[in-house]
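Each chain is listed here by its residues.
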Amino acid sequence: MAEQHPTTTKKTQSRQQPGLACEGCRTRKMRCDRQEPTCNNCKDLNIVCKPNAVRQPRGPKKGQLRALQSRILLLEQQLGDANTNQDTSNSSGESDQDPSLDTSRKSSTAVSEISLQECDTLPDGSAPLIFSDPPFDPMMLFSPPYPLMTYTGDMQDAMDMDMDALSKMNLFTSMDTFSNTLPIENNFNGPSFGLDNVQAVPLTEFQRADLNHLYFDRVHSFVPFLHRRRYFKREAASGNSSAPFTTLQHAMWTMAASMGSQFLDVRATFYATTRSMLERWELETLGEAISIEYVQALILLAIYETTHVSYQRGSMSASRCFRLVQLLKLHKIDDPNSTPDEQGHCEIEREERRRVFWAAYMLDRFLSLFNQSPMTVSEQMILTRLPMPESPFQCSHPLRTDFLAQVISSPPDHDLSPFSETIFWVTIAGRCLAHQQESAIDLVHGGCQIEDSVARYNALSAMLLQKLENASTTAGRMVDDSSEALQLFTNMVSQTALMLLFTAMPAHDVVPTASGGFHGVHVRALAASQTFAGLLQRLSEFSSFKIQPLTPILLYYCAVFSKAHQDIDVRARHQYEIIVNKLKDFAAANKLAQECLTCLGMGR
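Here's a quick rundown of the structure. Keep in mind the model is a prediction, meaning the values are calculated, not measured.

Thresholds applied
Residues numbered from 1 in each chain as written. Predicted model: local features only at pLDDT ≥ 70, side-chain atom pairs only at ≥ 80, totals over all residues. Heavy atoms only, no water. Phe/Tyr/Trp six-rings, centres within 6.5 Å; stacked < 30°, edge-to-face > 60°. Helix = DSSP H or I, 4+ residues; strand = E, 2+ residues; numbered from the N terminus. Buried < 20%, exposed > 50% of the residue type's maximum accessible area, 1.4 Å probe, protein only. Lys NZ or Arg CZ within 6 Å of the ring centre and 35° of its normal. Axes fitted to C-alpha atoms, helices over the stretch in contact; angles between N-to-C directions. Parallel < 35°, antiparallel > 145°, perpendicular 65-115°, else oblique. Left-handed = near helix turned anticlockwise from the far one by under 90°. Contact = heavy atoms within 4.5 Å. Nonpolar A, V, L, I, M, F, W, Y, C, P; charged D, E, K, R; others polar. Polar contact = N/O pair within 3.5 Å; in protein donor to acceptor, adjacent residues only side chain to side chain.

**A look at the packing of aromatic side chains**
- By the definition in use, this model includes 16 aromatic pairs.
- Centre to centre, the rings of Trp-281 and Tyr-294 are 4.3 Å apart; their planes meet at 20°, and the pair counts as stacked. Residue Trp-281 is found in helix H9 (residues 267-284), and its partner Tyr-294 is found in helix H10 (residues 292-308); the two are separated by 13 residues along the sequence.
- Looking at Trp-281, the relative accessible area reads 9%, which means it is buried.
- Residue class for Tyr-294 comes out buried when judged on its relative accessible area of 5%.
- Between the NZ or CZ atom of Arg-355 and the centre of the ring of Phe-393, over which it lies, the distance is 4.1 Å.

Structure, rendered in structure tokens:
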């Protein structure tokens, strides 16, 4: 009998090194040797080696295949309808056609043969994407015979295409070109493409569900003014096609499309349709009651424009929003002299309106911080309570909260919600900015005004330092990923406020001694910039979709502060480089970050 020998398995060594490839090798699809602190590939290319700590998910993104299938079905339907209409028009003859319509069709055919990225005008000199056959259908922007606006590059290419498409449609150029593009009349007595022809973007049930999910998953965390169940109940209501609600939905979907890759090709369509709906409302409802949905839509539109179009465009939309907030008296929802239910709103609806006000309030502070402009919404006139925590709000369990003035004057006996805490620190930063602006006026007038400025600065400094000390004892109480990202953003706002406090300090000869003198304030501001740079390192732990889109404003201010102190503190130069690199990372998908880099002299 043959002798049996025990079988042994030879352990083969894996060709792949343990660990994860660095960011540079992963992007270039090169084999990384995982050497630290710099792999050989990055050393040869003379670039910074950025190790990866999180393995990237493989395969298509969640919902991408279903979105593609829905788009194919929708495009096939559009193509079939277009062919049917063409056969009908050919059978009826061409003798009764308007020559201008025939010219427009020829222009549209020419557009389908010319790349949208390579042409600014058509061969006949007109703008591309001309719609000649009413009623207007926004889906024509990405269905035959018009060019399919598909993004094959990265997020930066998609953002540039978004702006290129809008500029070619002449959306925001002179009024005499509007009649040839989107349905906005340049002459209200003329025929054809009036605002009455604005239609909602046709979507399948799956597309609407995906967009709603994207919104509540990625946008709601930093603009939390919608009650989920109430929203879906209104959407599911039979025959619910009110103009305010439809406008709000398109603004939500515009933001949602910008926070994911599967809807980038229709983002410009949602944006154009939302703007058209808001323009129609402003022109046709003068003197009528203002629906809160239009204010919500304007807030979302202003954030989208600030981060994806331009700061100037976003500021213009935001200013309209602030005036509507004042007209609706959202700043005095809890005025004790008014009847609680005088407008027939339930408590959840009143809470939604509170949150709309505070979202507009924070937007006003952030936009003012970027260009040092005066704030529109006055803090002294607020008679609206702070928003309740998210969980009771979504569960429809109303809670009575404090006023902002109460929270600032004396610390509450309970923890503030992440939204309320952000409001608090944005208010402190706004006070520092307002003090800086008022001090410039006091120096001009002189005399007792300077004494008032010093007294005001002493009070502001003492309050800020006390709040920072209290905040340090509550740090670390974070629940989920979204709350943690919001808490990180709030901490960055608090450190920015401390740097603002130093900038707002009076002249050297009148520096208040109660604040530790010039040296004491300066040391605290430098420490705040170092803490800020440390917080930036944690941003890489979060998905870019979880980060507050207005974060570049805080980075810009800290970069300006660090740049001004490079000759005083050697660490400031390193901090400045960290902030600039982070802004460059944001600039791939955020126009605001690009504008911040331009203001710093870095270009794109």
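**Notes on the packing of H10 against helix H11 (residues 311-327)**
- The N-to-C vectors of H10 and H11 enclose an angle of 160°; their axes lie 7 Å apart at closest approach. On the basis of their axis angle, the class for H10 and H11 is roughly antiparallel. In the packing of H10 onto H11, the handedness of the crossing is left-handed. Side by side, H10 and H11 meet where Val-295, Leu-298, Ile-299, Leu-301, Ala-302, Glu-305 and Thr-306 of the first sit next to Tyr-311, Arg-313, Gly-314, Ser-315, Ser-317, Ala-318, Arg-320, Cys-321, Leu-324 and Val-325 of the second.
- In the contact of H10 with H11, the residues fall into 10 nonpolar, four polar and three charged.

**Brief notes about the side chain of Gln-548**
- Note that Gln-548 resides in the loop between helix H18 (517-539) and helix H19 (551-564).
- Taking the relative accessible area as the measure of exposure, Gln-548 reaches 11% and is therefore buried.
- Only 2.7 Å separates the side chain of Gln-548 from the backbone nitrogen of Leu-550, close enough to count as a polar contact.
- Sequence-distant contacts of Gln-548, that is, excluding residues within four places in its chain, are made with Phe-222 and Phe-489.

**Points about the packing of helix H6 (residues 205-219) against helix H8 (residues 243-258)**
- Interaxial distance between H6 and H8 falls to 8 Å at its minimum, and their mutual angle equals 70°. Considered as vectors, H6 and H8 are oriented roughly perpendicular to each other. Packed against H6, whose contacting residues are Arg-208, Leu-211, Asn-212, Leu-214, Tyr-215, Phe-216 and Val-219, the element H8 presents Gln-249, Met-252, Trp-253, Met-255, Ala-256 and Ala-257 at the interface.

**Concerning unusual backbone geometry**
- The linkage connecting Glu-36 with the following residue, Pro-37, adopts the cis geometry, with an omega of 5°.
- Looking at the element boundaries, Pro-37 is found in the loop between helix H1 (23-28) and helix H2 (40-45).
- The backbone of Arg-34 shows a phi angle near 60°, a positive value even though the residue is not glycine.
- Its place among the elements puts Arg-34 in the loop between H1 and H2.
- Positive phi, close to 55°, is recorded for Gln-372, a residue that is not glycine.
- Structurally, the position occupied by Gln-372 is in the loop between helix H12 (347-371) and helix H13 (390-394).

Keep in mind these numbers describe shape, not what the thing actually does.
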